[in-house]
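One letter stands for each residue in the lines below.
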Amino acid sequence: MFPLTDQTPVFPALKYSSPDEGSFRLPSSEWKLMLSTATANLSMQQVITQEFKAHGWNAAWTDYDNENAADLRIVTAEGLSLEENEKLSRLAVPGQSYVLTVREEGARIAALTEIGALYGVVTFLQLAAKAANGLVAGQVIVDGPDVEKRVISPTLTWYAGYARAGFGMQLWNGERWKEFIDWCLRHKVNALNVVMYGFWPFEFPEYPETVLKQLPVQTWNEETGQWMEVSFTHPNLLEPFLSDLIRYANERGIDIYAYIGLNSYSGGYAVRHPEMRAVLSEELKQAGHVNNYDSLCTSKPEVRNYLIASVKRIEELGFNGLVFEESEEVQWFCQCEDCQRAYGHLPPNEAKHQVSVDLLKEYIKVLNPDTLIGVRWLREPPIVKEVSRLTYWAEQLPERVQLFWTPGLEDDDREFIKWVNIFGRERIYSRNCEGSGFAASLGRIPYLLPDTFPEELRNYAFQHLRNDIAQFQGAANAGCKGINGYGFEWYGHELYFAATAQYGWNSHALDQEEFLTAASRHMFGKELGSVYERIIRTLPCIHETQICAELPSFPFMPNKYIGQEGRLYLERCLYYAEEAAALLEYMLSRDLTKFQRECAQATFLMASRMQAVSQAGIAYNQYLEVRETNPQDRATAAHFADLALAAAEEDYRIIKINYFDSKEHQWTGVAIGEYYIPMVINEYRKRFASDLGEEYAPRKEPAYIVGGESLPWEWLLEWGPKIAAAKPLAALGQLLPDREG
Ligand SMILES: [Zn+2]
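Residues numbered from 1 in each chain as written. Predicted model: local features only at pLDDT ≥ 70, side-chain atom pairs only at ≥ 80, totals over all residues.

Q: Would you explain the overall build of the protein in this entry?
A: A tally of regular secondary structure across the protein gives 23 helices and 17 strands. Radius of gyration (C-alpha) of the protein: 27 Å, near the 27 Å computed for a compact globule of 741 residues. The principal-axis extent of the C-alpha atoms belonging to the protein is close to 90 × 60 × 55 Å. Within the protein, contacts between residues separated by at least 24 positions form 77% of all contacts whose residues are at least 6 apart in sequence. (Helix = DSSP H or I, 4+ residues; strand = E, 2+ residues; numbered from the N terminus. Rg over C-alpha atoms; globule rule 2.2 N^0.38 Å. Contact = placed C-beta atoms within 7 Å.)

Q: Would you mind going over the nonpolar core with me for this structure?
A: Most often, soluble globular proteins have nonpolar side chains that are buried together. Grouped together as the largest cluster of nonpolar side chains are 183 residues, with contacts concentrated most on Leu192, Tyr257 and Ala644. Ranked by residue count, the leading element in this core is helix H18 (residues 594–629), at 16 residues. Domain assignment of the residues forming this core places at least three in each of domain 2 (149–517) and domain 3 (532–721). Discounting residues that sit within four places of it in the chain, Leu192 has contacts with Val151, Ile152, Pro154, Cys184, Ala249, Ile254, Ile256 and Tyr257. In terms of nonpolar packing, the next biggest core, distinct from the first, is built from 33 residues, Tyr98, Ile109, Leu127 and Ala128 among them. (Core = buried A, V, L, I, M, F, W, Y, C linked by C-beta atoms within 7 Å. Buried ≥ 20, exposed ≤ 12 C-beta atoms within 10 Å, placed from the backbone. Domains from an automatic or database assignment.)

Q: Just to check I follow, could you spell out the domain arrangement of the protein for this structure?
A: Interface size is often expressed as the accessible area that is lost when the parts come together. In terms of domains, the protein is made up of domain 1 (16–143), domain 2 (149–517) and domain 3 (532–721). For domain 1 versus domain 3, the separation of C-alpha centres amounts to 51 Å.

Q: Is there a simple way to explain the pairing of strand S17 (residues 482–486) in this structure?
A: When a strand is regular, its side chains alternate between the sheet's two faces. Most of S17 is tucked away, with 5 of its 5 residues classed as buried. Residues Gly482, Asn484 and Tyr486 line one face of S17 and the alternating positions Ile483 and Gly485 line the opposite face, and both faces are buried. Across 5 bridges, the pairing between strand S8 (residues 149–153) and S17 is parallel. Its bridge partner lying in S17, Ser153 is registered against Tyr486. (Pairing = 2+ DSSP bridges.)

Q: Which parts of the structure should I look at to understand the confidence of the model for the protein?
A: Low-pLDDT portions of the prediction should not be read for the details of their coordinates. With 94% of its residues at a pLDDT of 70 or more, the protein shows a mean pLDDT of 91. A low-confidence stretch, residues 1–6 (pLDDT under 50), is modelled with 5 contacts involving residues beyond four sequence positions or located in other chains. (pLDDT = per-residue confidence, 0-100.)

Q: Is there a simple way to think about unusual backbone geometry in this case?
A: Phi is mostly negative for residues that are not glycine, and the peptide bonds are mostly trans. Of the consecutive residues Phe11 and Pro12, the connecting peptide bond is found in the cis state with omega at -5°. Residue placement: Pro12 occurs in the segment before strand S1 (16–25). Following Pro381, the chain continues to Pro382 via a peptide bond in cis, the omega torsion being 5°. You can see Pro382 is positioned in the loop between strand S15 (372–376) and helix H12 (387–396). In the Ramachandran plot, Leu378 falls in the positive-phi region, its phi being about 55° despite a non-glycine side chain. Here Leu378 is to be found in the loop between S15 and H12.

Q: It is not clear to me how the sheet that holds strand S5 (residues 98–103) should be interpreted in this structure. Could you clarify?
A: The strands making up a sheet associate through hydrogen bonds between their backbones, and the pairing can be parallel or antiparallel. With respect to topology, 7 strands assemble into an open sheet ordered S1-S7-S5-S6-S4-S2-S3, the strand pairing being mixed. Taken across any chain shown, the strands that pair with only one partner, and hence form the sheet edges, are S1 and strand S3 (59–61). Strand-to-strand twist of the sheet, defined as the mean angle between neighbouring strand axes without regard to direction, takes the value 20°. Across 3 bridges, the pairing between strand S2 (residues 31–35) and strand S4 (residues 72–76) is parallel. Counted as the bridge partner of Met34 is Arg73 from S4. Here helix H3 (residues 114–129) sits on the sheet and contacts S4, S5, strand S6 (106–111) and strand S7 (135–143); the angle it forms with S6, its principal contact strand, is near 150°. (Axes fitted to C-alpha atoms, helices over the stretch in contact; angles between N-to-C directions.)

Q: Help me understand the packing of H12 against helix H13 (residues 414–423), please; the structure alone is not making it clear to me.
A: Two quantities define a packed helix pair, namely the angle between the helix axes and the distance between the axes. Running from N to C, H12 and H13 point in directions that differ by 40°, and their axes come no closer than 10 Å. Between H12 and H13, the angle falls in the class oblique. The two elements H12 and H13 meet at a crossing, and its hand is right-handed. Touching Val387, Leu390, Thr391 and Ala394 of H12 are Lys418, Trp419, Ile422 and Phe423, all from H13. Classifying every residue of the contact of H12 with H13 by side-chain character gives 6 nonpolar, 1 polar and 1 charged. (Parallel < 35°, antiparallel > 145°, perpendicular 65-115°, else oblique. Left-handed = near helix turned anticlockwise from the far one by under 90°. Nonpolar A, V, L, I, M, F, W, Y, C, P; charged D, E, K, R; others polar.)

Q: Would you mind showing me how to read the environment of Glu239 here?
A: With respect to the element layout, Glu239 can be found in the loop between helix H5 (235–238) and helix H6 (242–250). Since 9 C-beta atoms lie within 10 Å of it, Glu239 is described here as exposed. Dropping the residues within four chain positions of it, Glu239 is found in contact with Asn173 and Gly174.

Q: Sorry if this is basic, but what is going on with the pairing of strand S14 (residues 321–325) here?
A: With respect to burial, S14 is a largely interior element, 5 of its 5 residues being buried. Where burial is concerned, the two faces of S14 agree: the one with Gly321, Val323 and Glu325 and the one with Leu322 and Phe324 are both buried. Bridge count between strand S13 (residues 255–261) and S14: 5 bridges; the pairing is parallel. Its bridge partner lying in S14, Ile260 is registered against Phe324.

Q: In this structure, what is going on with the packing of helix H14 (residues 465–477) against helix H15 (residues 494–505)? I would like to understand it.
A: Direction vectors running N to C along H14 and H15 enclose 20°, while the axes themselves pass 9 Å from each other. On the basis of their axis angle, the class for H14 and H15 is roughly parallel. The crossing of H14 and H15 is right-handed. On H15, the residues touching Leu465, Asp468, Ile469, Phe472, Gln473 and Ala476 of H14 are Leu495, Tyr496, Ala499, Thr500, Tyr503 and Gly504. Looking at the contact of H14 with H15 residue by residue, the classes come out as 8 nonpolar, 3 polar and 1 charged.

Q: I would appreciate a short explanation of the environment of Ala648 in the present structure.
A: By the secondary structure assignment, Ala648 is in the loop between helix H19 (634–647) and helix H20 (655–658). Judged by the 24 C-beta atoms lying within 10 Å of it, Ala648 falls in the buried class. For the pair Ala648 and Asn368, spaced 280 residues apart in sequence, the C-alpha to C-alpha distance is 52 Å. Those residues in contact with Ala648 that sit more than four places away from it in its chain are Ala612, Ala616, Ile677, Val680, Ile681 and Tyr684.

Q: I'm lost on helix H21 (residues 677–692) in this one. Help?
A: The terminal C-alpha atoms of H21, which comprises 16 residues, lie 21 Å apart, in line with the 22 Å expected from a rise of 1.5 Å per residue. Elements in contact with the buried residues of H21: H18 and H19. Positive phi shows up at Gly693, right after H21, with a value of about 115°. (Expected span 1.5 Å × (residues − 1).)

Q: How should the environment of Thr593 be read in this particular structure?
A: Here Thr593 shows up in the loop between helix H17 (564–588) and H18. On the basis of neighbour count, Thr593 is assigned to the exposed category, with 11 C-beta atoms found within 10 Å. Sequence separation of Thr593 and Pro721 is 128 residues, and the distance between their C-alpha atoms is 40 Å.

Printed below as a string of structure tokens:
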């Protein structure tokens, strides 16, 4: 287990640290800082001063000299000693590494580059902030990352104007985003791959109809107890902050990429110009297909012009790169004459890949040579692909394009290593680590650990923190360029962010149990950290479709909690959800920082929702038991029916007062809801109405669940258990690429 010393260790965990004589006393007033003149850089000095200030300390720079004392001396490039140079050259990424020496007379940071030095400052400030009695123990730290790019994908917009309007961090203004950038620097994360799906969150004068301005949203008004239609404009359109934010991040060594659809949910264009969408044949319509991925017909010159203008506009805002996502769900391809002539001879997925390559080539023509271009593609089944097909597509893909998706643990990591061999390790920035992104399909509940499930059910669920970590470790072992963790939600999801930070920096310092302990302590301190760890280790994660036998199964979590065994399991969940809520109330009664309070409040909300869903499922099971054992007893059955409906967040009871954007949306012509509970309630009502009478009649048109996003993944029903049982051979170091990349 993790050594539980009084001192909370530095996070992410350090590579090498050895004690040295004496200890350094923090200055009583202003800190005296020196930066070697060879590389003195004004913006870097400002960043360091601001970091000191954020910790409550004033710091002033004085000219570098070896005679006078300094509290912190920063030396880069030619100022390094031979020994320091040698220590740094042995690390995986010398350019981001540092040597930090703490002695009685002051601290010294030696690094090859400014960014390496900045990471040294980040570590030193953590040590200083945690110093007992104002003393930092003498020590020598040699530290640096395992992986060059440690990327997190947060959301700026997500299906905005399609299935959703915006929630959580998507509603942040520029100042709030800067606080998050500070979080990234302090955790040594060095790139964000910011999702922009749906109406654009920035001004686009050529296509003003495609931006996220004045969209109608139904939001709940607690005072009057009614839904209100309000109009929503993205904060960046009210007070533009993106370009300034990117500059702010770049000054801290953090790149900002735009993560957008290659040809799906690309701005509001498909909503405003439905005639430009990919065309369905009558035959396909009859077969029940809809254009639910909102792809456009790329044979139309208007569409090409629009997509190219969008890409140029995004680069103009200052983004350091663009990462394109090819939709993985295509079952048919545009049936218009031009598309059929160009691609009709290919199966739909191959046609889609060809269009992706064609579009990427066009984008390359208009983008600056130093703008990173990435792609997430070839993600559809079959999960295990023929070497010849992968090789073919690797040859088609322009060399400049980097891979922001490679397989997860499928086939015991063999599929991942196959991709590394074919595409090259230098080109791979990411795997299928979607633990936090997956929360969208769970109505914003984070699925952290499979441990909360009974042994026999764990096999089904695999998009969780543990698998993300195993993928990060595998990527580091395989020598990949980067890792990319999903951080689609902030509130209550900080552990996902922390996992990317830890396993990109130091992928084998902490095993999974040690990580949970260390990250919880890092987030909440020694005492409350252990309380938080208890909560995340026991808080259940139930998908709402699991308490309803009639609804289609959610492919990641297909087992239903119906019947006696299901009820017993739900009772256990209820116990842990209630315990978590009580522990969180205790945490919330204490002095917490802003981030700690946000996390605890969001987790309390999750515990409340898990209580509600457990109670509803238990009451429904009790209803079924009464109907079976004593069908004449209408009163008892009605009692459990009422209990189930009351508990089941009828009319969005809990979510509507806590989330801005909770009601189903109609913009695309299909009502799509973020939350499954209305469907569950409706199925319950159908059953109650047929047994007990019309007073339980279902609504005529319940909101659709987010079927467009996750329910078509039926292939997961077959592959889910296999993936869940897959061995992380790359993480274990038992399977590595064939050749040097
Ligand atoms: Zn077409």
